[in-house]
Amino acid sequence: GRTSDRAIFTTNFASFGQREAEITVTDDLGRSSTSTVIVNINQGNLPPTIRIPSDQITVMSNAVIGLDARQSSDPNADCGDQIVAYEWDLRADGVRLNGAAGPDFTGAQVQIPVADWHAAMGWANNDQLLIRLTVRDAQGAVSTQDIQVNAVRAEPVPEISQVPNPASFQVG
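All figures in this text were calculated on a predicted structure; none of them were measured in a lab.

Q: I tried to follow the layout of surface pockets on my own but got confused; where do I start?
A: The calculated volume of the largest pocket comes to roughly 760 Å³. Every residue lining the largest pocket is counted, 23 residues in all, and those nearest its centre are Arg2, Phe9, Ala21, Glu22 and Ile23. Broken down by secondary-structure element, the contributors of at least two residues to the lining of the largest pocket are strand S1 (17-26) and strand S2 (32-41). The dominant element in the lining of the largest pocket, judged by the number of residues it contributes, is S1, at eight residues.

Shown next as structure tokens:
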């Protein structure tokens, strides 16, 4: 055990959880009293640290969106805590593309198919999408990070160049 002759005693534990502590107090006449208390070691659980390559992404309209949060970490890892969930929400609204509650994709690294992000974006009327990443640890702490996706249309745009200008031409 650990002992101290001070009125205030501080110690550290290697992991979260309940601990039994026995406290003995002795006065200047040598009389003592002992008591056992249960200490719950979980205060100070810090949320995970999210690390992603960028919070701004530009993507061609015909490309898969690749997202990677594998460099994220839990600052309480030394106490046995760890990241247990990576949740990607394509509209940052908590609703899946199919209308159910929850994230659209899970995992530290995901590939979002073109059809899915087009549907989330409302491609016909928009060229931006906000994706929210939520990271959870085993002790319940949560961090979020928003990612702005800007889409560039990849469809070819025909251009006619004629010399001399004006000149007649025929299509077909």
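Picking up after the structure, the text goes on.
Q: Could you clarify how one ought to interpret the pattern of salt bridges in this entry?
A: Where side chains of opposite charge bring their charged atoms close, a pairing between them can arise. Inspection of the entire model under this criterion finds five salt bridges. As a salt-bridge pair, aspartate 146 and arginine 132 come within 2.6 Å of each other at their nearest N and O atoms. Here the residue aspartate 146 occupies a position in strand S9 (residues 142-152), and arginine 132 occupies one in strand S8 (residues 128-137), the gap between them amounting to 14 residues. What makes aspartate 146 partly exposed here is its relative accessible area of 28%.

Q: Just to check I follow, could you spell out the confidence of the model for the chain for this structure?
A: Reading fine detail from the predicted coordinates is not recommended where pLDDT is low. Of all residues in the chain, 92% have pLDDT values of 70 or greater, and the mean over the chain is 86. Averaged pLDDT values for the elements of the chain fall to 84 in S1 and rise to 97 in strand S5 (residues 83-89).

Q: Explanation requested: helix H1 (residues 114-121) in the structure shown.
A: Because an α-helix packs 3.6 residues into every turn, residues spaced three or four apart end up facing the same way. For H1, the full list of buried residues reads Trp117, His118, Ala120 and Met121. One side of H1 carries all its buried residues, which in axial view fall inside an arc of 165°. When the buried face of H1 is taken as reference, the exposed residues oriented beyond 90 degrees from it are Ala115 and Ala119. Looking at the buried positions of H1, the neighbouring elements they touch are strand S3 (56-60), strand S4 (65-68), strand S7 (109-112), S8 and S9. Phi for glycine 122, located one or two positions after H1, is positive at around 70°.

The rules behind these values
- Residues numbered from 1 in each chain as written.
- Predicted model: local features only at pLDDT ≥ 70, side-chain atom pairs only at ≥ 80, totals over all residues.
- Heavy atoms only, no water.
- 1 Å grid on protein atoms, 1.4 Å probe; cavity = no way out; pocket = protein on both sides within 12 Å on 5 of 7 lines; lining within 4 Å.
- Points joined across faces, edges and corners; volume = space filled by probe spheres on them.
- Helix = DSSP H or I, 4+ residues; strand = E, 2+ residues; numbered from the N terminus.
- Salt bridge = Lys/Arg side-chain N within 4 Å of Asp/Glu carboxyl O.
- Buried < 20%, exposed > 50% of the residue type's maximum accessible area, 1.4 Å probe, protein only.
- pLDDT = per-residue confidence, 0-100.
- Arc of directions from axis to C-beta.
- Contact = heavy atoms within 4.5 Å.

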